Structures are given as C-alpha cells and as structure tokens.
Amino acid sequence: LANAEAVVDTDRLLELQALVNQVHVSDALLDYCQALLEFTRSSPRFKHGLSPRAGLALLRSARAWALLEGHRLVLPEDIQAVLRATVGHRLIVASETGRDESRSAVDFLLESVPVP
C-alpha cells in the first residue's frame, strides 16, 4: 500500500460525492426499496429483516452506481446491481423454512418483490 498511487484526488472525490447526492430517486423506486425491506421482515425465509439503516445504505449505493453508469436517476437495475454487495451479508436465512436453500437469499428476494 505504501507504493499505491491515488486514482482520484481529494477534490475530485468530494465532487463525486456531491454529484451522488444529485442523482434523483423517484417515489416509485423509494417504494421498491421499501418493498424489498418489508419483504425481508415479513417472509419466513429470513431470520431477521433488513433495517431502515440497511435501506438507506442501499439507496446511497444505488445512487452512486447510477452515477457511475451515467444515469441521472436511479433505475431498478441500479438497486438490483448493488443489492448483494450492500445488504447480502445482512440477510440471514431461517433454516426452518423447509425451502430450497440452494438459491441465495438475495436471488430469492429479487425474484419475490415485483419491480415497479
């Protein structure tokens, strides 16, 4: 790490952080994010549901992803692209569900909640 060179200087990083905050999230996408969280709380597949803080992290990550993809607003695909990395470690599958545990918790979540 001592020899690693920065690929972004501090000013550019601050500029990118400000730009992320300008990426629009529609009401429909906020509802989609909320539906994902609610499903984890109500489905017997999950031992623990996702918290509001997890939802905020998901939205921040989706906005950053959208910016990197050149989008001016968050698309469902942006939320789906960051879901695994953002909240996958927080999803604990309940072992007593009797369901096929070979599918990942994130895949199950994405398949179960309709996209707006």
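The coordinates are above.
Residues numbered from 1 in each chain as written. Predicted model: local features only at pLDDT ≥ 70, side-chain atom pairs only at ≥ 80, totals over all residues. Heavy atoms only, no water.

What should I look at first to understand the environment of valine 74 in this one?
For valine 74, the position within the fold is in the loop between helix H3 (52–68) and helix H4 (76–87). Between the C-alpha atom of valine 74 and that of valine 25, which follows or precedes it by 49 residues, the distance is 5.3 Å. Setting aside chain neighbours within four positions, we find valine 74 in contact with Val23, His24, Val25, Leu29, Ala62, Arg63, Ala66 and Ile79. (Helix = DSSP H or I, 4+ residues; strand = E, 2+ residues; numbered from the N terminus. Contact = heavy atoms within 4.5 Å.)

Would you mind going over the packing of aromatic side chains with me for this structure?
Ring pairs (aromatic) are described by centroid distance and by the angle formed between their planes. Scanning all chains against the criterion turns up 3 aromatic pairs. Here phenylalanine 39 and phenylalanine 46 contribute two aromatic rings whose centre-to-centre distance is 6.4 Å and whose plane-to-plane angle is 80 degrees, an arrangement assigned as edge-to-face. Looking at phenylalanine 46, the relative accessible area reads 6%, which means it is buried. Through a chain of ring-to-ring contacts, three or more aromatic side chains come together here, namely Phe39, Phe46 and Phe108. Residue placement shows arginine 45 over the ring face of phenylalanine 108; its charged tip is 4.5 Å from the ring centre. (Phe/Tyr/Trp six-rings, centres within 6.5 Å; stacked < 30°, edge-to-face > 60°. Buried < 20%, exposed > 50% of the residue type's maximum accessible area, 1.4 Å probe, protein only. Lys NZ or Arg CZ within 6 Å of the ring centre and 35° of its normal.)

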